[in-house]
Amino acid sequence: MPTSSLPAPLRGLTKQLNRTITQALGLTEAVTLRRTDPASVDQPLTAGPVLVIGSGPDADAVAHQLHEWHLDVRRNLAAPTQQRWGAVVVVLTDLEAPGQEAERVLALGGTLRELARSARVVTISRAVADGDAPALAAARGGVAGLVRSLGKELRQGATANGIELGADVAVTDPATIGTLRFLLSARSAFVDGQLLPVTAAAQAPADWTRPLTGTVAVVTGAARGIGAETVRVLARDGAHVLGVDVPAAGESLAAVMNEVGGVALQLDITAPDAGARILERVARGPFQGRLDVLVHNAGILRDKLLANMKPEQWESVIAVNLAAQVAITTAVAQAHPGLVQISLASTSGIAGNRGQTNYGFSKSGVIGATQAWAPVLAAGGGRANAVAPGFIETEMTASIPLAQREISRRVSSLGQGGKPVDVAEAVAFLASPQAGGINGAVLRVCGQNLVGR
Amino acid sequence: MTSTPETPSPAVDTGSAARPSGTAVVVGGNRIPFAKAGGHYAGASNLDMLTAVLDGLVARLGLAGETIGEVRAGAVLNHSKDFNLAREAVLGTALAPTTSAVTIQRACATSIEAAWDLANKITLGQISSGIAGGADSTSDAPIVVSERLRGILLKLNRARSVPDRLKLVGQLRPADLAPVAPNVNEPRTGLSMGEHQALTNLRWQVTREAQDAIALASHTHLAQAWEEGLFDDLVTPFRGLTRDAALRADTTAEALAKLRTVFGNDHPDPTMTAGNSTPLSDGAAAVLLASPQWAAEHGLPALARVVDAEAAAVDFVHGEEGLLMGGAYAVPRLLARQGLALEDIDLVEIHEAFAGVVAATTAAWADETFAAEKLGLPALGTLDPARLNVAGSSLAAGHPFAATGARIVATLATLLAGRKAALVAEGGSPDTPVRGLISVCAAGGQAVAMLLEA
């Protein structure tokens, strides 16, 4: 709980209370997470030396790539290091039967007490594919359970995530190493217990620290919260941004867009001509008709138990959070078939949440639409993915009653709520060329919240 | 006289090829919703509002970090602390700090005057872009102290010793401390604008019904324009206000007819009410003009071309003409110079300082005797009301003096561009001009008229 708002005598008390609850429930003590320094992006990339566990060509290739990024890479656990591990990468792509993982996993176990704060554990394995022999599928399928369980064991802001490669994707493909880089870096501070499926090849960016250079991105709901932070991170990564928000939010929209040298478009996204107006705006102005990335961030809450729900409360949430997205992409994708779309879903759309049947419908619908758009946009060279935030500290969540808010923070493996920038980083990653191998996926940014998958 | 060999031309390229085409176009505009005096913006200064309005324009057009040729803006109610208002505002925005700025004033015609100046500079090729603007706060009006208090304060500032200072303070009387109420009465007549307009209404026999009808149309049209989203691209909210505070979307002829009169009550049958007079308002507006090349290079639209403008001043001091009748002179002279008749104009914007101004000005345009005697020109004829103030005007929007011109220029240019696009979409020729005319009256018996063409 942020204690700065409390009077001084209460702060110590709250801290003690927090500690007691944490210990009693076996929860994680919250630490300040390592996040990207905008003045020095990806420098340093990890919090300390990186250990690569595994042998064979895939492990060699991974170690070689990490060397290229000027990381302090070790292959030998026994070699003495002065620092705690910034990251441990476990290469498991060659598993063919259960039991083959044991040596590597146990080696990983030996490093866990020597992890730096906000360290990363990343597995690279092959996804279970149709037609896999039972033993192969068992070995491959097991990795997900390993990662999710390990995420719950790690402390001090450390996270565990995995990359699941499709049959045609090599470890050396930019799609794999680009995803690995995201998971190793401070950009993925609040991504925990996730398995990212990489199913196709991708392009490495010319500059890993500014992968969106030269691209044009449209962000809805850009005036505040996650949307405003997404605008900032996309701009930091080199994108030229058109920020969209309702006319009533125009003042803060203008401030955000001027901050990043972007353009503000005051527009109600539920208007029938919203897609046309976005196209018209990118056709002129500094964008010169380019549109590469569309971030559907705008969303509203009208929480009510279904028994008490008024038609307006249901209809407005579906109109803004879901129907407008579908209509806008339909209009935009015709003119820009290579569109890269990222939609904001929610853990509420995955696990459900009492009093949010309307919101849950809309966010679950976003996931459905994402999976439907994925092959359609891929045909034009684009892709569609969703980001599902868990509990993020925003104006919206600040309105949740205190006790409920505190519970929501504590029930994640990182023991805290995320920041808007954490979601923005995930959006920016999915927008970047190195994420080109990820399509139709839902990336949770929830600190491994206990609810849902 | 000795002949000298021709010297080569200097490095500066003075050839016409280097100059823009000699045209200035309106590119885009921004204003904040206009507030009522003492309302939402009571705590905002002219500098705050002008800065906000420039920043909103920059965000809308993607101009952060750009050096604009010139920002030309001003206020009517000026604080002495707002020295260098336009430049200080620029320094507070996302524009490049290398953007030069001039502070100007021509009463209620301040920002249309600024737009005219910039259009001329652009046409001459001296600058290729410029922002005209104005801000006025009647809430944050400067307060003047009594002459005696001012004299003592100035002496106090110069006094060297404590006894000298005490002596000066001792001279103060309670009455000296009362501030002199700010007013916008004409200094030479002592009459308020409303009282002047009441006289004009009498001369032109402007009825209460005619004025109330103009006021009703202003509210109806403005409300409709908001509903249609016209202002999504023309207004940026400020301090929580998202729509013009004076706008009464649900007002009716009956409601307006019930209001008591506030001006001209010394005359028989007074007609002027708070409903058909503009409210005191706070607000700011800005409009970007540029050469067509500059607009194209920035991928921005040329909404409408500034064709010409004309100013007029009338002798209201000796009762020769009504204070706010300048538009009755400026507009016919402008149209005569351009060889145009009233029916060549698609949209007309007459600033409604009072509904009576619109009624009296249009009556004068149609009056053969007035035209012959005062102008030496044929009368313009009757204005079709369907072409007048089609998106509402000052009565409903409010009238922060210096902001009004920029509001009208940006709105009219947007309307003209829309009409032109519709015309072409319906198969009309892109060479068919769509013309708009603006008339803004101002204190001191002045007015500025401007002709735009899409």
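Just so it is clear, the structure is predicted and the values come from calculations on it, not from any experiment.

Draft legend 1. Highlighting the overall build of chain A. Scanning chain A from N- to C-terminus turns up 13 helices and 13 strands. Whereas a compact globule of 453 residues would reach a radius of gyration of roughly 22 Å, chain A reaches 22 Å, a difference of no more than 12%. Dimensions of chain A, computed from C-alpha atoms along their principal axes, come out at roughly 60 × 55 × 45 Å. Evaluated residue by residue, chain A yields a buried proportion of 56% over its 453 residues. The long-range share in chain A, meaning contacts at least 24 apart out of those at least 6 apart in sequence, stands at 74%. Summed over all atoms, the accessible surface of chain A reaches about 18,200 Å², with 55% contributed by carbon and sulfur.

Draft legend 2. Looking closely at the interface of chain A and chain B. In this assembly, 17 residues from chain A lie in contact with 23 residues from chain B. A buried area of about 1,400 Å², summed over both sides, lies between chain A and chain B, and 47% of it is on carbon and sulfur atoms. Among the residues of chain A in contact with chain B, Glu-251, Asn-258 and Gln-266 of chain A are the three that bury the most area, contributing 38% of the side total. In this structure, Asp-233 of chain B engages Arg-277 of chain A in a salt bridge whose closest nitrogen and oxygen atoms are separated by 3.6 Å. Where chain A touches chain B, the interface holds 10 residue pairs in polar contact (both at pLDDT 80 or more). Contributing elements (two or more residues each) for the side of chain A that touches chain B: helix H7 (250-259), strand E9 (263-266) and helix H8 (274-283) of chain A.

Draft legend 3. How the structure looks around helix H11 (residues 357-379) of chain A. All names here are of chain A. Relative to the 33 Å expected for 23 residues at 1.5 Å per residue, H11 spans 34 Å between its end C-alpha atoms, a close match to the ideal helical length. At Trp-373, H11 shows its strongest bend, of approximately 35 degrees, with the proline Pro-375 following within four residues. Taken residue by residue, H11 has Asn-358, Tyr-359, Gly-360, Ser-362, Lys-363, Val-366, Ile-367, Ala-369, Thr-370, Trp-373, Ala-374 and Leu-377 as its buried positions. A positive backbone phi angle near 95 degrees is found at Gly-381, which sits one or two residues after H11.

Draft legend 4. Representation of the domain arrangement of chain A within the structure. As far as domains go, chain A holds domain 1 (1-27), domain 2 (50-198) and domain 3 (216-445). Distance from the C-alpha centre of domain 1 of chain A to the C-alpha centre of domain 2 of chain A: 34 Å.

Draft legend 5. Seen up close, a nonpolar patch on the surface. Residues Leu-191, Leu-199 and Leu-202 of chain B make up a contiguous nonpolar surface patch of roughly 230 Å² in combined accessible area. On the secondary structure map, Leu-191 of chain B appears in the loop between helix H5 (162-170) and helix H6 (193-203).

Draft legend 6. Summary view of the sheet that holds strand E3 (residues 85-91) of chain A. All names here are of chain A. If you trace the six strands from one edge of the open sheet to the other, you get E2-E1-E3-E4-E5-E6, paired in parallel fashion. One side of each edge strand has no neighbouring strand; the edge strands of this open sheet are strand E2 (73-74) and strand E6 (195-198). Where strand E1 (residues 50-53) meets E3, four bridges bridge the pair, whose relative direction is parallel. Paired with Val-52 across the strands is Val-89, a residue of E3. Seen against the sheet, helix H3 (residues 102-111) touches E1, E3 and strand E4 (115-126) and runs at an angle of roughly 175 degrees to E3.

Draft legend 7. Structural detail: the UniProt feature "domain: Thiolase C-terminal" (unreviewed entry) in chain B. Using the residue numbers shown here, the UniProt feature "domain: Thiolase C-terminal" (unreviewed entry) corresponds to residues 302-453 of chain B. The span residues 302-453 of chain B carries 38% helix and 20% strand; its end-to-end C-alpha distance comes to 10 Å.

Draft legend 8. The arrangement of the packing of helix H10 (residues 327-338) of chain B against helix H12 (residues 368-375) of chain B in detail. All names here are of chain B. Look at H10 against H12: their axes get within 11 Å of each other, and the N-to-C directions meet at 85 degrees. Taken together, the axis directions place H10 and H12 in an arrangement best described as roughly perpendicular. Judged by residue contacts, Ala-328, Tyr-329, Pro-332 and Arg-333 of H10 engage Phe-370, Lys-374 and Leu-375 from H12. Among the residues forming the contact of H10 with H12, the class breakdown is five nonpolar, no polar and two charged.

Draft legend 9. Layout of the pattern of salt bridges. All names here are of chain A. Applying the stated criterion across every chain yields a total of 37 salt bridges over all chains. Ionic pairing is found between Asp-42 and Arg-181, a salt bridge with its closest N-O pair at 3.0 Å. On the criterion of sequence distance, the pair formed by Asp-42 in the loop between helix H1 (8-25) and E1 and Arg-181 in helix H5 (residues 174-184) is long-range, its members being 139 residues apart. An identical accessibility class is assigned to Asp-42 and Arg-181; each is buried. Asp-72 is the partner of Arg-74 in a salt bridge, and the nearest nitrogen-oxygen pair spans 2.8 Å.

Draft legend 10. Structural view of the state of the cysteines. Residue and element names in this part refer to chain B. Enumeration over the complete set of coordinates arrives at zero disulfides over all chains. With no disulfide partner, Cys-108 has as its closest neighbouring cysteine sulfur the one in Cys-441, 6.7 Å distant. Judged by relative accessible area, which is 5%, Cys-108 ranks as buried.

Each value, and the rule that gives it
- Starting afresh in each chain, residues are numbered from 1 along the sequence in its written order.
- For naming, the first written chain is A and the first written ligand is 1, with later ones following in the order written.
- Note on the predicted model: pLDDT of at least 70 is required for a residue's local features to be given, and 80 or more for side-chain atom pairs to be given and counted; whole-chain, interface and lining totals, by contrast, use all residues.
- The basis for every side-chain value is the complete set of heavy atoms in the structure, and neither hydrogens nor water enter the calculation.
- Secondary structure is summarised from DSSP: a helix means a run of H or I of at least four residues, a strand means a run of E of at least two, and numbering begins at the N terminus for each.
- Our radius of gyration is a C-alpha quantity, and the globule rule it is checked against amounts to 2.2 Å times the number of residues to the power 0.38.
- Exposure categories follow from relative accessible area, calculated using a 1.4 Å probe and restricted to protein chains: below 20% of the type maximum is buried, above 50% is exposed, and the middle band is partly exposed.
- Note on contacts: a residue pair is in contact if any heavy atoms of the two residues lie within 4.5 Å.
- Each accessible area value is a Shrake-Rupley result obtained with a 1.4 Å probe; residue values ignore everything except the protein chains displayed when judging cover.
- Buried area is understood as the total, over both parts, of accessible area removed when two parts are fitted together, assessed with a 1.4 Å probe.
- Salt-bridge detection follows one rule: a side-chain nitrogen of Lys or Arg within 4 Å of a carboxyl oxygen of Asp or Glu.
- In the analysis that follows, any N or O atom pair within 3.5 Å is treated as a polar contact, provided that within protein one partner can donate a hydrogen and the other can accept it, and provided that, for residues neighboring in sequence, both atoms belong to side chains.
- Each helix should span, by expectation, one fewer than its residue count multiplied by 1.5 Å.
- To obtain the bend at a residue, axes are fitted to the seven residues ending there and to the seven starting there, and the angle between these axes is taken.
- How far each domain reaches was decided by an automatic or database domain assignment.
- Exposure above 30% relative accessible area and the absence of a salt bridge qualify a residue for a patch, where like charges join within 9 Å and nonpolar side chains (Val, Leu, Ile, Met, Phe, Trp, Tyr) within 5 Å.
- Any two strands are treated as partners once DSSP identifies two or more bridges connecting them.
- Axes here mean lines fitted to C-alpha atoms, for a helix over just the part in contact, with angles spanning 0 to 180 degrees between N-to-C directions.
- UniProt positions are given in the numbering used here, feature names are shortened, and annotations may be inferred rather than shown by experiment.
- When describing relative orientation, an angle under 35 degrees is termed roughly parallel and one over 145 degrees roughly antiparallel, while 65 to 115 degrees is termed roughly perpendicular and anything else oblique.
- In this classification, Asp, Glu, Lys and Arg are treated as charged, Ala, Val, Leu, Ile, Met, Phe, Trp, Tyr, Cys and Pro as nonpolar, and every other residue, Gly included, as polar.
- Disulfides are defined as pairs of cysteine sulfur atoms found within 2.5 Å of each other.

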